[in-house]
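# A structural walkthrough
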Amino acid sequence: MNWISALPELVLACAGMAILVFGVLAPKNAFRLASMFTIAAFLITAMLVMGGTTSLGYSGLFSSDAFSQFVKLLILAAATLGVIVSLDYSEHENMQRFEFPVLILLSTVGMMLMASAANLMSLYLGVELMSLSIYVLAAFARDNLRSAEAGLKYFVLGALASGLLLYGISLVYGFSGSMNFADLSAELTSASQASTGVTIGVVFIVAGLAFKVSAVPFHMWTPDVYEGAPTPVTAFMGTAPKVAAMALLVRLLSGPFAHLLAQWQQLIVLVAIASMLLGSLAAIGQKNIKRLMAYSSIGHMGYALVGLAAGTPLGVKGVLIYLVTYVFMNVGTFACILAMRRRGRAVEGIADLAGLAKTDLGMALWLAIFMFSMAGIPPFSGFWGKLFIFQAAVTQGMWVLAVIGVLTSVIGAYYYIRIIKVMFFDDAAEAFDARPASLSFVAVAGGLFTTGFFLFAAPVEAAALAAAKVIFG
Amino acid sequence: MIATLAFYLFAGILLVSAAMVVSARNPVHAVLFLILSFFNAAALFLLAGAEFLAMILVIVYVGAVAVLFLFVVMMLDINFTQLREGFQRYLPVGATIGVVLLAELVIVFGGWRIAPGSDAHRFAPIDVAVENTRQIGNILYTDYILLFQASGLILLVAMIGAIVLTLRDRKTSLHQVVSKQVARMPADTLVMVDVIRGAGVPADHYLRPKVAPVAAPEAAHDSHGHGGHH
């Protein structure tokens, strides 16, 4: 029994309940204070994560190691930025209820549990805790029909994905006799050893998790939910949960099922190619920027899966670096989208950005940086993420995958750069309202990170490599 | 001998009451038979040595679930005779499907063979010296404490979600603010009225409501100085 290994999660969960009680008892509307406390709780938890030790606790259910630390810090950063971008929007749209930050916090606890899962059961409970909170958050603007629709759609399809995941877990347990990652990797030491049942179970688990990262055959919910959910929720949904689910896929496939590489590799390759293609092609015709970001995130998850498909520490390192760059450019872009507000009303059309450079050069510049970065143009961080991913694929001789990846990112560059064209070369539309400081802060933080990533890429790379090596033992 | 007798007694009542659950005409009777079958199932668990499961069955299923069913049946007022109207018409189809399923089950169980070495694994390796309540407690609260607490958090999220998405503060709803009621002074709402000397004081004449006159007896009551019940 090792209580200390989950200390960050315990502290965060207790803080969440304390904030909940505070919000209920507070005489006035406690939204802003509750948000501040939540941010403080995230920062304290991040410090605890950094001071954590490598250990396997709770009868082998929970593992705290370099990989989980890396992922948790990224999740906490994404969640903190998610709370900050929600501050202003919630007050404008009359959804300033203290439950909002509490739900983000509890969802973060679930994600941290996912990052540390060392057993299929803790994996499942982490996924559920994360998802259930996000279902509620997606429907948080309950008087808005589209928000309610987004919540319901996400909930129903998410329940289906949970069913697939559970079915896969039960098959793996039934055919291998254990749910513990350590036991599984000790038992499944060669591809020939695994029975068909285990393979089918792995396929179902991958399907369930692919739904959470919105990879292609399981992406249908993404555009509608992204568009319908309140924008700060979309910003949160597009970053932290993707990181957690991707980390879980990495830990699962490269950990206990590492020797079944031949079985799952083709599956991941297929999903990656389909995601990259759909992400770059379907986004071209979009007029709503939130829908565009949905297709963009599908494409990005496809690139991240390329690194996983390589099946090497180098590939996992690429995935982790890709996730780091993805989180910061995504949250920065959403900060800019949230600042699109005209006469107090939020606008979401790409056409609304017309001539932004003439009315608000700062915002246009930051948004242009994010778009260049997402398109993968050097020296921005998005380029480095793609570089490490394709490098890993090429090292493994997966030329076809790498070439398709490069081609789709060229196609994708079209719609990213079209936004820049709209902002800089179209006739100016009416100016947006003044930006609140919180959104400027997040946009600048994300922009600085994206621009200056190459300056501090070495320590991130070293940390990612150390984390990746933990998975491969 | 007695254990066998008890087993057949409880099992027999269980089967009969389970059959009554689906055949009883009155839905309330059906739920009551369901409760009876729960009790008998609990007794069977006791005979098998699983006293914890027996108690849980009584507490959770009889105490909560069945009573909930009873309330639902009473409140929904479903017309069950109407539901049964198509029974005759659909009987042939239903019976055919039932027979097919039964045949499949027979085939499955007929071809069922137990793997040679599986006898040794048939029972979970439990320590007979430790009673099963303690064993379940060990698993739930020691081995799987993390999962137990995580499930608790999931239920908390479900509760928060239900409240956030449905609870509305209507403008028309009436709230009782106790502190306001207690702090209310007679002078806030009542005025002194001059009375003609020597003419006697009518019972409702010295303190009056400030604005709209309320019913006389109430004003008289307020005048005694504890006007706290508005």
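Here, the structure is the one placed above.
Quick look at the structure, then. Because the structure is a prediction, the values reported are computed rather than measured.

## Topic: the overall build of chain A
Per the secondary structure count, chain A includes 20 helices and four strands. Relative to the compact-globule value of 23 Å for 473 residues, chain A shows a C-alpha radius of gyration of 21 Å, a close match. Counting over 473 residues, chain A shows a buried share of 64%. Looking at chain A as shown, the accessible area adds up to about 16000 Å², and 70% of this sits on carbon and sulfur atoms. Across chain A, 24 positive and 21 negative side-chain charges occur, with their mean positions spaced 3 Å apart.

## Some words on the interface of chain A and chain B
Opposite the 28 residues of chain A that make contact, chain B presents 21 residues. Put simply, chain A and chain B have zero salt bridges between them. Contributing elements (two or more residues each) for the side of chain A that touches chain B: α1 (7-25), α4 (99-116) and α5 (120-138) of chain A. If you tally residues by element for the side of chain A that touches chain B, the top one is α5(A), at eight residues. The class makeup of the residues in the side of chain A that touches chain B is 20 nonpolar, three polar and five charged.

## Quick word on the side chain of A:Ser438
With respect to the helices, strands and loops of the structure, A:Ser438 is situated in helix α19 (residues 437-452). The residues touching A:Ser438, leaving out its near neighbours within four places in the chain, are A:Ile84 and A:Asp88.

## Focus: the nonpolar core
Membership of the largest hydrophobic core comes to 199 residues, with the highest contact counts inside it found for A:Leu120, A:Leu123, A:Phe257 and A:Leu353. Tallying contributions element by element places helix α14 (residues 313-338) of chain A first for this core, with 17 residues. Residues in contact with A:Leu123, not counting those within four places in the same chain, are A:Met114, A:Ala117, A:Leu165, A:Ile169, A:Phe181, A:Leu248 and A:Leu252. Residues B:Leu34, B:Phe38, B:Val62 and B:Ala66 belong to the second largest nonpolar core, which totals five residues.

## Looking at the packing of helix α11 (residues 240-254) of chain A against α14(A)
If you want to describe how two helices pack, look at the angle between their axes and the distance between the axes. All names here are of chain A. As a packed pair, α11 and α14 sit with axes 11 Å apart at the nearest point and diverge in direction by 175 degrees. Classed by the angle they form, the pair α11 and α14 counts as roughly antiparallel. Contact with α11, carried on its side by Lys242, Val243, Met246, Val250 and Ser254, involves Val316, Val319, Leu323, Tyr326 and Val327 of α14 and no other residues of that element. For the contact of α11 with α14, the per-class residue count stands at eight nonpolar, one polar and one charged.

Conventions we followed
- Residues numbered from 1 in each chain as written.
- Chains lettered and ligands numbered in written order.
- Predicted model: local features only at pLDDT ≥ 70, side-chain atom pairs only at ≥ 80, totals over all residues.
- Heavy atoms only, no water.
- Helix = DSSP H or I, 4+ residues; strand = E, 2+ residues; numbered from the N terminus.
- Rg over C-alpha atoms; globule rule 2.2 N^0.38 Å.
- Buried < 20%, exposed > 50% of the residue type's maximum accessible area, 1.4 Å probe, protein only.
- Areas by Shrake-Rupley, 256 points an atom, 1.4 Å probe, with all protein chains shown as cover.
- Lys, Arg positive; Asp, Glu negative; His and termini not counted.
- Charge placed at Lys NZ, Arg CZ, Asp CG, Glu CD.
- Contact = heavy atoms within 4.5 Å.
- Salt bridge = Lys/Arg side-chain N within 4 Å of Asp/Glu carboxyl O.
- Nonpolar A, V, L, I, M, F, W, Y, C, P; charged D, E, K, R; others polar.
- Core = buried A, V, L, I, M, F, W, Y, C linked by side-chain atoms within 4.5 Å.
- Axes fitted to C-alpha atoms, helices over the stretch in contact; angles between N-to-C directions.
- Parallel < 35°, antiparallel > 145°, perpendicular 65-115°, else oblique.

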